[in-house]
Amino acid sequence: MDGLGVDQGNWFNDTHKKSKNVACIQCNNRVWNSVLEFFSWLDGGRYKEKKTICVMVMWSVWQARNNLLWNKVKETSKQVVNRATKILHHWQAVQKAPMVSVLNNDFEGGATTWETPNEGCLKINVDAACFNSTPRTGRAVVVRDHRGGWITAVTNTRMEKLDPVVAEAWALLEALSWIKDCYRGRIVVEVDCLQIVKLLKTEIHPISTLCCFLFDCVSILETLDNVKVRFVYRSANRVACHMARATNSMPGRRDWSDDPPCFISDVLLADLN
């Protein structure tokens, strides 16, 4: 891979056909003749960056193995390495986010139950759902007033299976875009993905799908003076969660402007008790 010196075609070279007892692991023209020798190198102090990506690729190979075994989906070596580097980048970005500032100012939160917003303020709950049965990602945006009354909701699907954190960022971006086009006034947006809230407080460069979504989120937030994004626990985001999951059986975009769908009635009532 560019910049890391990784040959996407030579991470793992299984020579099982030549010998049932010999496995060769190859990277950057270096060959280890046994797993023990490989892990001894891995445990050493040099080449930290390459070893980090190496471990991530090993994890990604295992994911590819499971995907082939359980979903009958065969991945290329490029897909395996790209997934490893993408997840590593996301993880490193989250680790660099300033945890202390997460719950301050516009990004406060951490509620465990749904709470009505202040009078004259709307609350928008956002969630995403990733499905194993189909290559699809769903999202839901639910709007309620200061009494907990139903205003509207929008569900939509994307014909692509996104990583969970990326899906949450996509859902938030869609919600903010919708707010910019349709609403004015004070609005509280709640999401149950702490990583997203943390990353919104960092300097974001659009170098990955996740960062592109978040970069656009920040750009929209800079134009919305009265919109706050808060982290809440999943127990405080159950209506959006239920609606996002329901998109698996109702693909495409749907608006629920008049009445809420019947399958979330119990959850709506529970939020008010």
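This one's a predicted model, so the numbers in the text were calculated from it and none came from an experiment.

Chemist: When you look at the overall build of the chain in this model, what are you seeing that I'm missing?
Modeler: On a plain count of helices and strands, the chain comes out with eight helices and 10 strands. The 273 residues of the chain split such that 45% are buried. Carbon together with sulfur atoms contributes 51% to the accessible area of the chain, which is approximately 15200 Å² in total.

Chemist: What is the right way to read the packing of aromatic side chains from this model?
Modeler: The description of two aromatic rings rests on the distance between their centres and on the angle between their planes. Counting across every chain of the model gives three aromatic pairs. For the ring pair Trp 178 and Tyr 183, a centre distance of 5.6 Å and an interplane angle of 75° mean the geometry is edge-to-face. You can call Trp 178 buried: its relative accessible area is 13%. Judged by relative accessible area, which is 17%, Tyr 183 ranks as buried. Note on Trp 256 and Phe 263: the rings are 6.4 Å apart at their centroids and 90° apart in plane angle, and the pair reads as edge-to-face. By relative accessible area, Trp 256 is classed as buried at 11%. Judged by its relative accessible area of 36%, Phe 263 is partly exposed. Cation over ring: Lys 123 sits above Trp 114, and NZ or CZ is 5.2 Å from the ring centre.

Chemist: I would appreciate a short explanation of helix α1 (residues 35-42) in the present structure.
Modeler: In an α-helix, one full turn covers 3.6 residues, which means residues spaced three or four apart are oriented alike. Within the sequence span of α1, burial applies to Phe 38, Trp 41 and Leu 42. An end-on view of α1 places all buried positions within 105° of arc, on one side of the element.

Chemist: Help me understand the nonpolar core, please; the structure alone is not making it clear to me.
Modeler: Looking at soluble globular proteins, one finds that nonpolar side chains tend to be buried together. Leu 176, Ile 179 and Val 189 are the most contacted members of the largest nonpolar core, which has 40 residues in total. Where this core is concerned, the elements lending two or more residues are β5 (122-130), β6 (137-144), α4 (164-182), β8 (187-191), α5 (194-199), α6 (209-221) and β9 (227-232). No other element matches the 11 residues that α4 contributes to this core. Beyond its immediate chain neighbours, meaning those up to four positions away, Leu 176 contacts Val 189, Cys 217, Ile 220, Leu 221, Leu 224 and Val 227. Counting 16 residues, the second-largest nonpolar core is a separate cluster that includes Ala 140, Trp 150, Ala 153 and Ala 244.

Chemist: I tried to follow the confidence of the model for the chain on my own but got confused; where do I start?
Modeler: As a general rule, the predicted coordinates of low-pLDDT regions are not to be interpreted in detail. When pLDDT is averaged along the chain, the result is 80; 80% of the residues meet or exceed 70. Segment residues 1-25 is flagged for pLDDT under 50; beyond a separation of four residues in sequence, or across chains, it makes 50 contacts in the model.

Chemist: I would appreciate a short explanation of the pairing of β8 in the present structure.
Modeler: Most of β8 sits inside the fold, with five of its five residues counted as buried. In β8, alternate side chains face the same way, and those of Ile 187, Val 189 and Val 191 on one face and Val 188 and Glu 190 on the other are all buried. Sheet topology note: the β5/β8 ladder contains four bridges and is parallel. The partner of Asn 125 across the bridge, within β8, is Glu 190.

Chemist: Looking at this structure, how should I read the side chain of Thr 137?
Modeler: Relative to the elements of secondary structure, Thr 137 occurs in strand β6. Side-chain polar atoms of Thr 137 contact the backbone nitrogen of Leu 162, separated by 3.0 Å. If sequence neighbours within four positions are ignored, Thr 137 has contacts with Ala 129, Cys 130, Phe 131, Asn 156, Thr 157, Arg 158, Glu 160, Lys 161, Leu 162, Ala 167 and Trp 170.

Cut-off values and rules
Residues numbered from 1 in each chain as written. Predicted model: local features only at pLDDT ≥ 70, side-chain atom pairs only at ≥ 80, totals over all residues. Heavy atoms only, no water. Helix = DSSP H or I, 4+ residues; strand = E, 2+ residues; numbered from the N terminus. Buried < 20%, exposed > 50% of the residue type's maximum accessible area, 1.4 Å probe, protein only. Areas by Shrake-Rupley, 256 points an atom, 1.4 Å probe, with all protein chains shown as cover. Phe/Tyr/Trp six-rings, centres within 6.5 Å; stacked < 30°, edge-to-face > 60°. Lys NZ or Arg CZ within 6 Å of the ring centre and 35° of its normal. Arc of directions from axis to C-beta. Core = buried A, V, L, I, M, F, W, Y, C linked by side-chain atoms within 4.5 Å. Contact = heavy atoms within 4.5 Å. pLDDT = per-residue confidence, 0-100. Pairing = 2+ DSSP bridges. Polar contact = N/O pair within 3.5 Å; in protein donor to acceptor, adjacent residues only side chain to side chain.

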